[in-house]
Amino acid sequence: MSKDIKIRNGLTINLKGAANNIIKKTGPYKSVSLNPSNFHLIVPKMVVKVGDKVSKGDVVFHSKNDERIKFCSPEDGVIADIVRGAKRKIIEIIINVNKKNDSKDLKPISIDNLNAENTKNILLKSGCWPFIKQRPYDIIANPSENPKSIFISGFNSAPISADLEIILDDQKKEFEMGVNVLTKLTSGNVNVCINKNSASFFNNINGIKLHKIDGPHPAGNVGVQIHHIDPISSGDRVWILGAEDVAIIGRYFTTGKYNPLRTVAVSGPPVKNPQYYKTIAGAEIKPIIEDAGLTVDSQVRIINGDVLTGYKVEHDNYLGF
């Protein structure tokens, strides 16, 4: 049963250049990136070096403070560079893509007899655990703790942001499997929040508590949703995931393969062909924006993320995690 919530304070900013309902597969990319700065408070400990071959799903680094939290390669390839900054801080790991690497013999994972600990161990080993964040603090969830509930925001309310209904259109089964996995991790609810005015496929998914949100931005922000539905008290932990991250987890259990697909919307007034692109986490930005007809000059600022909370990148940088 769904619960309706009205958000009264906020502002809907109407910007031009929203992405058309077209999804294209991105052109070939030569390299991908893993950037430890995408993860708050994570100090990386490398397990590979420059020149090492990695397969999709192989561990590249883990958290120095908790070796259980692993970060895996999104593609087959070779470690091309480990970019370091002051005091040898690891800034970025560049992987040159090589599709000819041998694939592993993988099988689906049954969830029927899993408990919370079994499920956590599989997620930690797979490299999918970093998709699970915790509130407060918006850091990677501590696997030694248990959340009182889990939240998934099923819509974006930021200006010209990606439409999650389009992103998940061909990932519905994976999303549903991901939800089934998440129900193993909490004794509370798996809450999914959607726009009240949308005809959403979320209505047909079992195992979730659905909430319909009505109101301007920031109605789509998961922090606002938590505040209205299941407020955090002292000592509480609530875990949150992006909708496509849930599908990535579901895909792992369905196929046994770590495959962090990303569907990104290239939007904004300077874009000639605003549309969606199917790619991989950490892929090069350049092939995507060139296909979308974005001419890069001094008057254009490229933002990785939405226009309010994203960060500036250059055309030769990479998508984030």
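Since we're looking at a predicted model, the values are computed, not measured. (Residues numbered from 1 in each chain as written. Predicted model: local features only at pLDDT ≥ 70, side-chain atom pairs only at ≥ 80, totals over all residues. Heavy atoms only, no water.)

## Brief notes about the overall build of the chain
Argument step 1. Broken down by element type, the chain carries 6 helices and 19 strands.
Argument step 2. Seen along its three principal axes, the alpha-carbon backbone of the chain occupies a region of about 55 × 50 × 40 Å.
Argument step 3. In the chain, which comprises 321 residues, the share counted as buried stands at 49%.
Argument step 4. Here the chain contributes 42 positively and 33 negatively charged side chains, and the mean placements of these two sets differ by 2 Å. (Helix = DSSP H or I, 4+ residues; strand = E, 2+ residues; numbered from the N terminus. Buried < 20%, exposed > 50% of the residue type's maximum accessible area, 1.4 Å probe, protein only. Lys, Arg positive; Asp, Glu negative; His and termini not counted. Charge placed at Lys NZ, Arg CZ, Asp CG, Glu CD.)

## Some thoughts on helix H3 (residues 172–182)
Argument step 1. The set of residues buried in H3 consists of Glu-174, Phe-175, Gly-178, Val-179, Val-181 and Leu-182. Along the axis of H3, the buried positions cluster into a sector of 160°, meaning they face one direction only.
Argument step 2. On its buried face, H3 is in contact with helix H1 (116–126), strand S12 (149–153), strand S13 (190–195), strand S15 (238–242) and helix H5 (243–255). (Arc of directions from axis to C-beta. Contact = heavy atoms within 4.5 Å.)

## Focus: the packing of aromatic side chains
Argument step 1. This model, assessed by the stated rule, comprises 9 aromatic pairs.
Argument step 2. Between Trp-129 and Trp-239 the ring centres are 5.4 Å apart and the planes differ by 85°, which places this aromatic pair in the edge-to-face class. Of the two residues, Trp-129 is situated in the loop between H1 and strand S10 (133–135) and Trp-239 in strand S15; the sequence distance between them amounts to 110 residues. Neither residue differs from the other here; Trp-129 and Trp-239 are each classed as buried.
Argument step 3. Ring geometry for Phe-131 and Phe-321: centres 4.6 Å apart, planes at 20°, overall stacked. Of the two residues, Phe-131 sits in the loop between H1 and S10 while Phe-321 sits in the segment after strand S19 (311–313), which places them 190 residues apart along the sequence.
Argument step 4. A relative accessible area of 3% places Phe-131 in the buried class.
Argument step 5. Through a chain of ring-to-ring contacts, three or more aromatic side chains come together here, namely Phe-39, Phe-61, Phe-71, Phe-131 and Phe-321. (Phe/Tyr/Trp six-rings, centres within 6.5 Å; stacked < 30°, edge-to-face > 60°.)

## Description of the nonpolar core
Argument step 1. Among the nonpolar cores identified, the biggest contains 63 residues, and Ile-93, Leu-123, Trp-129, Ile-132, Phe-175, Phe-202 and Phe-253 are the most heavily contacted of them.
Argument step 2. Every residue in contact with Phe-175, bar those within four places of it in the chain, is listed here: Ile-152, Leu-168, Phe-201, Phe-202, Ile-205, Ala-243, Val-246 and Ala-247.
Argument step 3. Grouped together as the second largest cluster of nonpolar side chains are 13 residues, Ile-285, Val-300, Val-313 and Leu-319 included. (Core = buried A, V, L, I, M, F, W, Y, C linked by side-chain atoms within 4.5 Å.)

## Focus on the side chain of Lys-120
Argument step 1. Tracing the backbone through its elements, the reader meets Lys-120 in helix H1.
Argument step 2. Here Lys-120 is in contact with Trp-129, Pro-143, Glu-145, Asn-146, Leu-185 and Trp-239, once residues within four sequence places are set aside.

## With respect to the environment of Pro-108
Argument step 1. You can see Pro-108 is positioned in the loop between strand S9 (90–97) and H1.
Argument step 2. Given a relative accessible area of 58%, Pro-108 falls into the exposed group.
Argument step 3. Distance from Pro-108 to Phe-253, taken between C-alpha atoms, is 5.6 Å for residues 145 residues apart in sequence.
Argument step 4. Apart from residues no more than four positions distant in its own chain, Pro-108 is found in contact with Phe-253, Thr-254, Thr-255 and Gly-256.

## Let's talk about the sheet that holds strand S17 (residues 275–280)
Argument step 1. Spatially, S2-S17-S16 is the arrangement adopted by the 3 strands of the open sheet, whose pairing is mixed. Edge positions in the sheet fall to strand S2 (23–25) and strand S16 (261–266), since each of these pairs with one other strand and no more. Strand after strand, the sheet turns through a mean of 30° between neighbouring axes, direction not considered.
Argument step 2. Across 3 bridges, the pairing between S2 and S17 is parallel. Counterpart to Lys-25 in the pairing with S17 is Lys-278. (Pairing = 2+ DSSP bridges. Axes fitted to C-alpha atoms, helices over the stretch in contact; angles between N-to-C directions.)

## Description of the pairing of S12
Argument step 1. Counting buried residues along S12, 5 of its 5 residues qualify, which places the element largely inside the surrounding structure.
Argument step 2. The two faces of S12 match: Ser-149, Phe-151 and Ser-153 on one face and Ile-150 and Ile-152 on the other face are all buried.
Argument step 3. Note that S12 and S15 share 5 bridges and pair parallel. The partner of Ser-149 across the bridge, within S15, is Val-238.
Argument step 4. Bridging between S12 and S13 involves 4 bridges; their strand directions are parallel. Looking at the pairing, Ile-150 lines up with Val-190 of S13.

## Digging into the sheet that holds strand S8 (residues 77–84)
Argument step 1. Taken together, the 4 strands give an open sheet; going across it, the order is S3-S9-S8-S5, and neighbouring strands pair in antiparallel fashion. Edge positions in the sheet fall to strand S3 (31–34) and strand S5 (53–54), since each has one partner strand and no second.
Argument step 2. Sheet analysis places S3 next to S9, joined by 4 bridges and oriented antiparallel. Across the sheet, the residue bridging to Val-32 is Ile-95, located in S9.

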